[in-house]
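Descriptive structure summary
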Amino acid sequence: MALGLPAFTRLAIRPGSLKRRALWFGLGLAIIGLCFRAGVSGDGVGYYSYLPSVVAHGSFDLGPVFDRFIAINTPVARQFLEITLPNGLTADYKPIGAALLALPFYLLTHAIFLLVVPGHQDPDVSAEYQLAFTAASLFYALLAMVLLHRFVRSIFGPRPAWLAAVGVVLATPLVAYVLFGASYSHTFSVFTITAFAILLYATRHDRTPGQWFIAGLLGGLASITHVQEALFLALIPAEAVYEVLHRTWSPRRLSGYGLLAAGVALPVVPQLVVDQVIFQQWLPQPAPNISLDFARPHLLDLLVSTHHGWLSWSPIVALGLLGLPAVVRRLEWFGSGLLLVGIGEFWINASLSDWWGGNAFGARRMTDQSLLIGLGLAASCAWMIERRLHRLAVALVAAGVAWTALLLAQYYYLIRTDVGPPWRDFLIGQLQAIVYVPRLFIQGTILREVADGAWLLALYTALVIAAVVAAAMTLGLRTAPRVNGRPGGGIPSLDSSERPARSLVPVPARFPATG
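Residues numbered from 1 in each chain as written. Predicted model: local features only at pLDDT ≥ 70, side-chain atom pairs only at ≥ 80, totals over all residues. Heavy atoms only, no water.

1. Considering the overall build of the protein
- Looking only at helices and strands, the protein has 22 helices and 0 strands in total.
- Taking 2.2 N^0.38 as the reference for a compact globule, 515 residues should give roughly 24 Å; the C-alpha atoms of the protein span a radius of gyration of 23 Å, in line with that estimate.
- On the principal axes, the C-alpha backbone points of the protein span a range of 75 × 60 × 55 Å.
- Here the protein holds 515 residues, and 49% of them are scored as buried.
- Total accessible area on the protein is roughly 23600 Å²; 69% of this is exposed by carbon and sulfur atoms. (Helix = DSSP H or I, 4+ residues; strand = E, 2+ residues; numbered from the N terminus. Rg over C-alpha atoms; globule rule 2.2 N^0.38 Å. Buried < 20%, exposed > 50% of the residue type's maximum accessible area, 1.4 Å probe, protein only. Areas by Shrake-Rupley, 256 points an atom, 1.4 Å probe, with all protein chains shown as cover.)

Put into C-alpha cells, the structure is as follows:
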C-alpha cells in the first residue's frame with residue numbers, strides 16, 4: 001500500500017498538471033497575439049529585401065525594394081540603404097542567412113497569392129509578405145526554445161528547465177526580437193546555434209553520416225546569419241581534443257569531418273557568390289560605420305553600462321553566469337567549448353566600434369549566448385531547488401522578467417536618444433516606466449489591423465501566427481534529440497565520458513515535479 005500511494009498521487013495530479021500546461025500555453029499565445037509585430041523595420045529591411053528582389057524580381061539590385069520601404073516611412077537607417085556601388089547595384093551589408101531560412105515561408109505566401117488572388121499581390125512591402133518573414137522569425141524562435149527546454153530538462157530536470165526557458169525568453173533582450181523586432185536576425189541565429197550545438201552533443205557517441213551533414217548545414221547557416229557565429233564551429237575541435245585526450249578518437253571521424261565541411265559549404269558558398277555579385281569581393285563587407293579594435297575592447301562597458309550593457313539591461317544573466325562552473329563540470333567538453341565560444345564572442349562584440357549594438361533593445365548581439373545562459377540558469381536554479389530554495393529561484397526569475405518588462409516600456413516610451421543615461425536616471429526611468437507597461441500589450445499587428453478596420457487582414461494574421469506557433473511546438477517536441485538515450489528514470493544520467501554523473505535534479509520523493 002505504501003508503494004502504491006505515490007503512484008496514485010502522481011496519477012491524481014496529472015489532470016491538474018495538464019490544465020496548468022494548457023493555461024500557460026494559452027497565456028503565451030495571448031501574449032504573442034497581443035504583442036507580436038509582423039512588420040519589417042530597422043535592420044530587418046536589409047535581411048528581408050533579398051527575398052522580393054531575387055524571388056519576385058530576379059535581381060540582386062536591392063535598391064528598388066529599399067526605396068519602397070523608405071517611401072512608406074519605415075523606421076530604418078536610410079543612409080545605409082542608399083549607397084550605390086561602382087557596379088550600379090545598391091549595397092546591402094546584411095548577410096543572406098535569415099532570408100534563406102525564411103525562404104520557404106516567403107515562397108508559400110507568394111504561391112498562395114499568385115494562385116488565389118492573382119494581380120493583387122505586392123511582393124515587396126505588402127503586409128502579407130512582411131508577415132511571411134516575421135512569421136518565419138517567430139517559428140524559429142519558438143522551435144529554438146522548445147529544443148533548449150527539452151535539452152536542459154534532460155540534464156537538470158523539469159523545474160530548472162522551465163525556469164531557464166522563461167528566463168532566457170522573457171528576461172533577456174531576446175524577448176524584444178521575438179515579439180517587437182522579429183525582422184532582425186537574432187531569432188534566426190539563436191535557432192541555428194541551438195540546433196547545431198544540441199545535435200552535436202546528443203549524437204556525440206554514434207553520429208551518423210546524415211547527422212554530420214545536418215550539423216554542418218546548421219553551422220553554415222549560423223555563420224551566414226551572423227558572421228561571428230562561425231565561432232560555434234569550434235565545438236568540433238573541442239570534441240576532438242576531448243576524444244584524443246581520453247583515447248576515444250578514431251580515424252573514422254575523418255569522414256564525418258568531411259561531411260560536416262560539405263554541410264557548412266552548402267550555405268556559405270551562396271553567401272560568397274552574393275558578396276561577389278554585389279561588392280565584387282569574396283569576403284563579407286562590413287558596414288561603413290563599424291570597425292574592430294581587438295586591442296582595446298570595451299569589456300566593462302558591454303557588461304554594466306546603462307548603454308545596453310549585458311548585465312545592466314539583463315541582470316538575470318548574472319545568475320546564468322554563476323551556474324557555468326556546474327555546466328562545465330557536467331557537460332565537460334561541450335560546456336567548456338560553449339564557454340570559450342561565449343568568451344570569444346563577448347570579446348569580439350566589445351571590440352566593435354558600436355559595442356552597444358546601435359539603437360536597439362539591450363545587448364542584442366549577446367542573444368547568441370542564449371543556450372549557454374539557459375544552461376547556466378538551469379544549473380543555478382537546480383542548485384537552489386536542491387537546497388529547498390525553489391521559491392527563491394522562482395522569485396529571481398520573476399524579478400528578471402519584471403525588470404525586462406519595465407525596460408521594454410522605458411525603451412519604447414521614455415528613452416528619446418540612444419545614449420547611456422546616468423545610473424540614477426536609468427533607475428528612475430524604471431519606476432516611471434511602470435505606467436507604460438500595459439501599452440506593451442497593444443503593440444501587436446493584429447490589434448492595429450482591427451483598429452484600422454482591416455478585419456480580414458487581422459484574421460489572416462491571427463491564423464498565420466497560430467499556425468506558426470502550433471507548427472513550431474509540434475516540430476520541436478517531435479524532433480528534440482534524446483541526450484542520454486537511456487529510458488527509465490532510475491538510471492543515473494551520464495556525462496560525455498559515459499561515467500555516472502552526480503545528478504543536479506531534485507530528488508522526486510522530496511520535490512515532486514508538477515509539470
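2. Here's the deal with the side chain of Asp354
- With respect to the helices and strands, Asp354 occurs in the loop between helix 17 (333–351) and helix 18 (370–386).
- Its relative accessible area of 10% is what places Asp354 among the buried residues.
- Look past the residues within four positions of Asp354 in its chain and what remains in contact with it is Ile290 and Arg365. (Contact = heavy atoms within 4.5 Å.)

3. Considering a nonpolar patch on the surface
- A surface patch of nonpolar side chains, about 480 Å² in accessible area, is lined by Val54, Phe60, Val269, Val273, Val277 and Trp282.
- Looking at which element gives the most residues to the nonpolar patch, the answer is helix 12 (residues 253–279), with 3 residues.
- On the secondary structure map, Val273 appears in helix 12. (Patch = residues over 30% accessible without salt bridge, like charges linked within 9 Å, V, L, I, M, F, W, Y side chains within 5 Å. Salt bridge = Lys/Arg side-chain N within 4 Å of Asp/Glu carboxyl O.)

4. Brief notes about empty space enclosed by the protein
- Summed over the entire model, instances satisfying the criterion amount to 3 cavities of 30 Å³ or more.
- For the largest cavity, the calculated volume is near 60 Å³.
- As for the largest cavity, its lining consists of Val168, Thr172, Pro173, Trp310, Val317, Met366, Thr367, Gln369, Ser370 and Ile373.
- For the lining of the largest cavity, the class distribution of residues is 6 nonpolar, 4 polar and no charged. (1 Å grid on protein atoms, 1.4 Å probe; cavity = no way out; pocket = protein on both sides within 12 Å on 5 of 7 lines; lining within 4 Å. Points joined across faces, edges and corners; volume = space filled by probe spheres on them. Nonpolar A, V, L, I, M, F, W, Y, C, P; charged D, E, K, R; others polar.)

5. Examining the environment of Phe294
- With respect to the helices and strands, Phe294 occurs in the loop between helix 12 and helix 13 (299–304).
- In the structure, Phe294 is positioned 57 residues away from Ser351 in sequence and 5.1 Å away in space, judged by C-alpha atoms.
- Residue contacts for Phe294: discarding those within four places in its chain leaves Trp347, Ile348 and Ser351.

6. Topic: the packing of aromatic side chains
- A full pass over the atoms with the stated rule returns 31 aromatic pairs.
- Plain terms: the ring middles of Tyr48 and Phe69 are 5.7 Å apart, the flat faces sit at 90° to each other, and that makes the pair edge-to-face. With Tyr48 in helix 2 (residues 44–48) and Phe69 in helix 4 (residues 63–71), this pair connects stretches of sequence that are 21 residues apart.
- Given a relative accessible area of 0%, Phe69 falls into the buried group. (Phe/Tyr/Trp six-rings, centres within 6.5 Å; stacked < 30°, edge-to-face > 60°.)

7. Concerning the nonpolar core
- In terms of nonpolar packing, the biggest core is built from 139 residues, with Phe133, Leu138, Phe151, Phe156, Phe334 and Leu375 touching the most fellow members.
- Per-element tally for this core: the top contributor is helix 6 (residues 127–156), with 20 residues. (Core = buried A, V, L, I, M, F, W, Y, C linked by side-chain atoms within 4.5 Å.)

8. So, unusual backbone geometry
- Positive phi outside glycine occurs at Glu332, with the angle close to 50°.
- With respect to the helices and strands, Glu332 occurs in the loop between helix 16 (324–331) and helix 17.
- Judged by relative accessible area, which is 14%, Glu332 ranks as buried.
- Of note in the backbone geometry, Arg388 takes a positive phi value of approximately 60° without being a glycine.
- You can see Arg388 is positioned in the loop between helix 18 and helix 19 (390–413).
- Overall, the relative accessible area of 55% leaves Arg388 in the exposed class.

9. Brief notes about helix 18
- Helix length check: helix 18 (17 residues) gives 24 Å between terminal C-alpha atoms against 24 Å at 1.5 Å per residue, within 8%.
- The buried count for helix 18 comes to 15 of 17 residues, which makes it a mostly enclosed element. (Expected span 1.5 Å × (residues − 1).)

10. Here's the deal with the confidence of the model for the protein
- With 90% of its residues at a pLDDT of at least 70, the protein reaches an overall mean of 89.
- Counting contacts from residues 485–515, a segment whose pLDDT is below 50, to residues more than four positions away or on other chains yields 61 contacts. (pLDDT = per-residue confidence, 0-100.)

11. Focus on helix 22 (residues 455–479)
- Over its 25 residues, helix 22 runs 36 Å from end to end, which matches the ideal 36 Å to within 8%, given 1.5 Å per residue.
- Among the residues making up helix 22, those that are buried are Ala458, Thr461, Ile465, Val468, Val469, Ala472 and Gly476.

12. Thoughts on the pattern of salt bridges
- In the structure shown here, the tally under the stated rule is 12 salt bridges.
- For Arg78, the salt bridge is made with Glu82, and the minimal N-O distance between the two is 2.8 Å.
- Since its relative accessible area comes to 46%, Arg78 is described here as partly exposed.
- Between Glu239 and Arg207 there is a salt bridge; the shortest N-O distance is 2.8 Å. Separated by 32 residues along the polypeptide, Glu239 in helix 11 (residues 235–245) and Arg207 in the loop between helix 9 (186–202) and helix 10 (209–225) bring together distant segments of the chain.
- A residue is classified by how much of its surface remains accessible, and Arg207, at 10% relative accessible area, is buried.
- Each of the salt bridges in this network shares a partner with another, and the network as a whole consists of Arg207, Glu239, Glu243 and Arg253.

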